[in-house]
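# Analysis of the macromolecular model
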Amino acid sequence: MRSFDYARADSTGQAVSTHGANEQAAYLAGGTTLLDLVKIDIMRPDQVVDINRLDLNEIETLGDGRTRIGALVTNTALARHDRIRSDYAVLSEALLSGATTQLRNKATTAGNVMQRVRCPYFRDGVSSCNKREPGSGCAAIEGHNRSVHAVLGTSEQCIATHPSDMCVAMAAIGATVTVEGPDGQRDIGFLDFHLLPGDTPEREHALKPGELITHVTLDAPLENSRSGYLKLRDRASYQFALASSAVIVTLEGDTITNARVALGGVGTKPWRALEAEKALKGQKIGEASFTHAAGIAFKGATPYAHNAFKIPLGQQAIVRNLTTLTAQEDRRTS
Ligand SMILES: Cc1cc2nc3c(=O)[nH]c(=O)nc-3n(C[C@H](O)[C@H](O)[C@H](O)COP(=O)(O)OP(=O)(O)OC[C@H]3O[C@@H](n4cnc5c(N)ncnc54)[C@H](O)[C@@H]3O)c2cc1C
Ligand code: SF4
């Protein structure tokens, strides 16, 4: 392992000034991504800023109905929180479908937002990988691209999926990421936070150098909505999604009055399916309208040699989730 400086921060200001605009510095939260990648020499920070002492552990309901989550709230604490379970079931379910209990106990909200891709060519340290070494090529495009490679939002430079479950639920709910950095504080809309690979796959998010995520604030829950997360994967636990859907719907009788749909395992970022949502609005519940919307969600999909199956699988993740949510009386909060 390479040597690096280590500093433990007692305030956000101290964390930000210690990190500075140094692109080789890294914040340390739960460490479940960072230490993994340092050990295999993929991330090479020269300065590690430990933020575990910062006062960013609260989950608060704001006066306008939104919910503010501190960056250091663990995935377990967030999933088990009473208000999250009752008003944002989709988020609780997404969190509990991720990783393992031990990992969720350490993994933090901001760390999950910032987790790196699981593409094996990125992690092996020797293959061509534009994300790890810009301009070197992408071994996945002609290589094995079955499980952690996308069909939506890909480019000729990179096709790796964003691996998070939590972020898919947040994309459906709507959220704001608050950051503090060398130039002060600012808010970033959740859908603008993760970047498409385009020609710059090494740029994964909208943070400027040195910016620290302090909070993620969820939009107020849709009134009288029901929501759920469905994750389809090779094994029932300890596995990333091949395809997943986060769905939130409101109904009037058998008519869909509002719908939010986001997808995981199929996109290069947590994927909000806005056109599918429009197609659902005003439709009667039932297989025909669900299948139609699911088709629209994958209209621009690009399949690769081994992952074409993700298109029908992702469509099924939408149809099944909607079918379950609209059928279950106990999901109805109205
Ligand atoms: C075996 C395994 C299986 C997994 N399975 C899943 C899964 O099924 N679903 C899923 O969603 N995830 C899964 N994960 C990923 C896991 O959820 C992430 O590793 C975790 O959420 C990262 O959080 P952390 O607090 O440990 O972050 P860290 O490892 O501490 O940090 C991760 C990155 O975020 C940066 N960072 C941390 N905090 C901040 C902040 N406040 N502001 C700015 N930057 C920050 C760090 O510098 C680093 O670059 C898995 C991980 C492992 C190891
Ligand atoms: S898909 Fe992206 S992360 Fe994987 S090898 Fe290609 S450039 Fe690297």
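Residues numbered from 1 in each chain as written. Chains lettered and ligands numbered in written order. Predicted model: local features only at pLDDT ≥ 70, side-chain atom pairs only at ≥ 80, totals over all residues. Heavy atoms only, no water.

### Description of the packing of helix H5 (residues 89-96) against helix H10 (residues 166-173)
Heads up, the rule is: In this analysis, axes come from line fits to C-alpha atoms, helices being fitted only over the stretch in contact, and the angle between any two N-to-C directions falls in the range 0 to 180 degrees. The helix and strand labels rest on DSSP assignments: H or I over at least four residues marks a helix, E over at least two residues marks a strand, and numbering proceeds from the N terminus. Under this scheme an angle from 65 to 115 degrees is roughly perpendicular, one under 35 degrees roughly parallel, and one over 145 degrees roughly antiparallel; angles in between are oblique. The hand of a helix crossing depends on one turn: near helix anticlockwise from the far one by less than a right angle means left-handed, and clockwise means right-handed. The contact criterion used is simple: two residues touch if any of their non-hydrogen atoms lie within 4.5 Å. Polar here means any residue outside two lists: the nonpolar Ala, Val, Leu, Ile, Met, Phe, Trp, Tyr, Cys and Pro, and the charged Asp, Glu, Lys and Arg; Gly therefore counts as polar.
Closest axis-to-axis distance for the H5/H10 pair is 8 Å, and the angle between their directions is 165°. Looking at the two axes, H5 sits roughly antiparallel to H10. Helix-helix and strand crossings are classified by hand; for H5 and H10 the assignment is right-handed. Between H5, through Val 90, Leu 91, Ala 94 and Leu 95, and H10, the contact on the second element is made entirely by Met 166, Ala 169, Met 170 and Ile 173. Residue classes in the contact of H5 with H10 are distributed as eight nonpolar, no polar and no charged.

### Topic: the site of ligand 1
Let me state the cut-off plainly: Any residue with at least one heavy atom within 4 Å of a molecule or strand is counted as near it. Pairing of N or O atoms within 3.5 Å defines a polar contact, subject to two protein rules: one partner must be a possible hydrogen donor and the other a possible acceptor, and residues neighboring in sequence count only if both atoms are side-chain atoms. Using a 1.4 Å probe, the Shrake-Rupley method yields the accessible areas, and only the shown protein chains count as cover for residues. Reported domain spans reflect what an automatic or database domain assignment gives.
For ligand 1, the set of nearby residues contains 35 residues, the closest of which are Tyr 27, Thr 32, Thr 33, Thr 108 and Asp 165. Here an oxygen atom of ligand 1 sits 2.7 Å away from a polar atom, N or O, in the side chain of Thr 108. About the coverage of ligand 1: the protein hides 94% of its 980 Å² of free accessible area. Listing elements by their share of the shell around ligand 1, those giving two or more residues are strand E2 (25-28), helix H2 (34-39), helix H7 (109-113) and strand E8 (212-218). Looking at the shell around ligand 1 residue by residue, the class counts come to 18 nonpolar, 12 polar and five charged. Of the domains in this structure, domain 1 (5-53) and domain 2 (225-326) are the two that each give at least three residues to the shell around ligand 1.

### Here's the deal with the site of ligand 2
The condition is simple: Using protein atoms alone on a 1 Å grid, points that fit a 1.4 Å probe yet trap it form a cavity, whereas open point sets bounded by protein on both sides within 12 Å along at least five of seven lines form a pocket; residues with an atom within 4 Å of a point count as lining. Grid points define the cavity or pocket, and a molecule sits in it when more than half of its atoms lie within 2 Å of them.
Near ligand 2 there are 14 residues, and of these Cys 119, Cys 129, Cys 138, Cys 158 and Ile 159 occur at the shortest range. With respect to the pocket detection grid, ligand 2 is positioned in the second largest cavity. Secondary-structure elements contributing two or more residues to the shell around ligand 2 are helix H8 (120-123) and helix H9 (139-142). For the shell around ligand 2, the residue count by class is 10 nonpolar, three polar and one charged.

### Focus: empty space enclosed by the protein
Here is the rule we go by: Grid points are joined across faces, edges and corners, and a volume is the space filled by probe spheres set on the points.
What the rule picks out here adds up to four cavities of 30 Å³ or more. When its volume is computed, the largest cavity comes out at roughly 170 Å³. Residue lining of the largest cavity: 19 residues in total, with Val 117, Lys 131, His 162, Glu 204 and Thr 268 positioned closest to the centre. By residue class, the composition of the lining of the largest cavity is nine nonpolar, five polar and five charged. By volume, the second largest cavity is sized at about 90 Å³. Around the second largest cavity, the lining comprises 16 residues; the ones closest to its centre are Cys 119, Cys 129, Cys 138, Cys 158 and Ala 160. Mapped by element, the contributors of at least two residues to the lining of the second largest cavity are H8 and H9. Its residues placed into classes, the lining of the second largest cavity shows 11 nonpolar, four polar and one charged.

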